[in-house]
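Geometric and topological summary
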Amino acid sequence: MTDLDGRVALVTGGTRGIGLATVRALAEAGATVVLTGRDEAKAKEAAASVSGSGSVSGLALDVTDAKAVSTVVRGVAKEHGRLDIVVANAGIMEDALLGMIREELVDTTLSTNVAGTIHTVQAAARAMMRKRSGAIVLLASIVGEYGSAGQTVYSASKAAVANIALSAAKELGRSGIRVNAVAPGVIETALTAGLSAEAVAENVGKTPLGRLGTPEDVAKAIRFLVSDEASFITGQILGIDGGLTL
Ligand code: NAI
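Below is a summary of the structure that appears in this document. (Residues numbered from 1 in each chain as written. Predicted model: local features only at pLDDT ≥ 70, side-chain atom pairs only at ≥ 80, totals over all residues. Heavy atoms only, no water.)

**Remarks on the side chain of Asp241**
Stated precisely, the cut-off is as follows: Only DSSP runs of H or I with at least four residues qualify as helices, and only runs of E with at least two residues qualify as strands; both kinds are numbered from the N terminus onward. Note on classification: 1.4 Å probe, protein chains only; a residue is buried when its accessible area is under 20% of the maximum for its type, exposed when over 50%, partly exposed between these limits. Here Asp and Glu are counted as negative and Lys and Arg as positive; His is not counted, and neither are the chain ends. Throughout this description, the term salt bridge denotes a Lys or Arg side-chain nitrogen within 4 Å of a carboxyl oxygen of Asp or Glu. Distance and chemistry together define a polar contact, namely a pair of N or O atoms within 3.5 Å, with one atom able to donate a hydrogen and the other to accept it when in protein, and with adjacent residues in sequence counting only for side-chain atoms on both sides. By definition in these notes, contact holds between two residues if any of their heavy atoms fall within 4.5 Å.
Along the chain, Asp241 turns up in the segment after strand 7 (237-240). It turns out Asp241 is buried and unbridged, and the closest side chain with the opposite charge, Arg211, is 11 Å from it. Only 2.9 Å separates the side chain of Asp241 from the backbone nitrogen of Gly243, close enough to count as a polar contact. Reaching out from Asp241, the side chain makes a polar contact with the side chain of Thr245 at a distance of 2.6 Å. With near-sequence residues (within four places) excluded, Asp241 lies in contact with Ile142, Gly185 and Thr207.

**Side note on the environment of Leu172**
Within the secondary structure, Leu172 is located in helix 6 (residues 152-172). What makes Leu172 buried here is its relative accessible area of 6%. Separated by 43 residues in sequence, Leu172 and Met129 place their C-alpha atoms 8.6 Å apart. Residues in contact with Leu172, not counting those within four places in the same chain, are Ala125, Met129, Ile136, Ile177 and Val179.

**Side note on helix 4 (residues 103-129)**
Let me state the cut-off plainly: Expected helix span is given by 1.5 Å per residue-to-residue step, counting one fewer step than there are residues. At any given residue, the bend is defined as the angle formed between two axes, one fitted to the seven residues that end at that position and one fitted to the seven that begin there.
End to end, helix 4 covers 37 Å across 27 residues, agreeing with the expected 39 Å (1.5 Å per residue, within 8%). A maximum bend of about 35° is found in helix 4 at Ser111.

**Side note on the pattern of salt bridges**
Per the counting criterion, the structure on display carries 8 salt bridges. Here Arg82 and Asp84 are joined by a salt bridge, their closest N and O atoms 2.9 Å apart. Several salt bridges converge on common partners, so that one network encompasses Glu94, Arg102 and Glu104.

**Side note on the site of the ligand**
Applied cut-off: Whether a residue is near a molecule or strand depends on its heavy atoms: if one lies within 4 Å, it is near. Methods summary: accessible areas were calculated by the Shrake-Rupley approach with a probe of 1.4 Å, and residue burial reflects only the protein chains presented. Gly is put with the polar residues, along with every residue not named as nonpolar or charged; the nonpolar set is Ala, Val, Leu, Ile, Met, Phe, Trp, Tyr, Cys and Pro, and the charged set is Asp, Glu, Lys and Arg.
In the vicinity of the ligand, 28 residues are found, and the nearest of them are Arg16, Ile18, Tyr154, Ile187 and Thr189. At 3.3 Å, a backbone N or O of Gly13 approaches an oxygen atom of the ligand. Protein chains bury 96% of the 830 Å² of accessible surface belonging to the ligand in isolation. For the shell around the ligand, the elements supplying multiple residues, two or more each, are helix 1 (17-28) and helix 6. Within the shell around the ligand, the residues separate by chemical class into 13 nonpolar, 11 polar and 4 charged.

**What about the environment of Leu105?**
With respect to the helices, strands and loops of the structure, Leu105 is situated in helix 4. Relative accessible area serves as the criterion here: at 3%, Leu105 is assigned to the buried category. Along the chain, Leu105 and Ala31 lie 74 residues apart, while their C-alpha atoms are 36 Å from each other. Residue contacts for Leu105: discarding those within four places in its chain leaves Glu94, Ala96 and Val153.

**Section: a positive patch on the surface**
Our working definition: Residues forming no salt bridge and having over 30% relative accessible area are the ones grouped into patches, like charges within 9 Å of each other and nonpolar side chains (Val, Leu, Ile, Met, Phe, Trp, Tyr) within 5 Å. Note that the charge is assigned to NZ on lysines, CZ on arginines, CG on aspartates and CD on glutamates.
On the surface, Arg74, Lys78, Arg126, Arg130 and Lys131 cluster together into a patch of positive charge. Secondary-structure assignment places Arg126 in helix 4.

**Notes on the packing of helix 4 against helix 6**
The following threshold applies: Angles shown run from 0 to 180 degrees and are taken between the N-to-C directions of axes, each axis being a line fitted to C-alpha atoms and, for helices, limited to the stretch in contact. Here the angle decides the label: under 35 degrees means roughly parallel, over 145 means roughly antiparallel, 65 to 115 means roughly perpendicular, and every other value means oblique. Left-handed describes a crossing in which the near helix is turned anticlockwise from the far one by less than a right angle; the clockwise case is right-handed.
One can describe the packing of helix 4 onto helix 6 by two numbers: an axis separation of 9 Å at closest approach and a directional angle of 15°. It follows from the interaxial angle that helix 4 and helix 6 lie roughly parallel. Every pair of crossing elements has a handedness; the one defined by helix 4 and helix 6 is right-handed. Residues Leu105, Val106, Thr109, Leu110, Asn113, Val114, Thr117, Ile118, Val121, Ala125 and Met129 of helix 4 lie in contact with helix 6, whose contacting residues are Val153, Tyr154, Ser157, Lys158, Ala160, Val161, Ile164, Ala168 and Leu172. A per-class count over the contact of helix 4 with helix 6 returns 15 nonpolar, 4 polar and 1 charged.

**Side note on the packing of helix 3 (residues 66-80) against helix 4**
At a minimum axis distance of 9 Å, the contact between helix 3 and helix 4 shows a crossing angle of 30°. In this view, helix 3 runs roughly parallel relative to helix 4, as classed from their interaxial angle. In the crossing of helix 3 with helix 4, the sense of the turn from one axis to the other is right-handed. Across the interface between the two elements, Ala66, Val69, Ser70, Val73 and Ala77 of helix 3 pack against His119, Thr120, Ala123, Ala124, Arg126 and Ala127 of helix 4. Here the contact of helix 3 with helix 4 is built from residues that sort into 7 nonpolar, 3 polar and 1 charged.

Take a look at the structure:
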């Protein structure tokens, strides 16, 4: 079992889905975890639902607000005396065929998925720089590499997220900070709950492992990437898709 005893972690968008599963996985491995969500009550409720050897707390944070991200990340590092792990998980997905893309969809998707990730990496790097160590994981997606009909905006945002991992890994490596991304396939969460039965069957049919992914499948890979088991791994985009993209 991965040992994260004594480590302090922050997970954005940690109130449900992949984020909450990641909070659980990190807490089970002994980390002290702060999860954030846009709604403070929901963040506190989600934190209270997690049992693990590490302590878990919840804070309000909208990742589109650069100043708030900086304040919260700095506050967590100050309160706990360190910040070792940051998972930039907060993200949104809304489908739209090319002809139906509204300007507002472009703005909200890019400000949440791209700018939100940049704000989080920036604040994490500042906090980790002092100790010259840390691990950051970003949430990309298979559609960021392969594209997806009806998901041009979301796919473009996730391609950007993957590239943020590469550039940040190059820039922060000398400071002892590793940056990786995971690229999940279709994972059963609220984000994909609207998929039709036909779309689910089609995806499962194309997946060598013969099922959709679970939030826990992704959380376990994230836990590996932030642990010392991955001490020489940086700038990687790890596919977690049951072989769907083969
Ligand atoms: P979800 O919708 O269950 O969770 C997303 C979380 O992000 C929620 O807690 C939501 O409140 C939070 N969030 C959204 N906008 C925010 C903002 N502006 N500030 C702070 N928090 C915000 O979705 P899921 O599936 O757990 O997704 C987590 C991440 O994984 C996302 O970045 C998503 O794009 C990515 N992903 C998910 C896949 C899937 O099949 N479910 C596949 C590939 C990537």
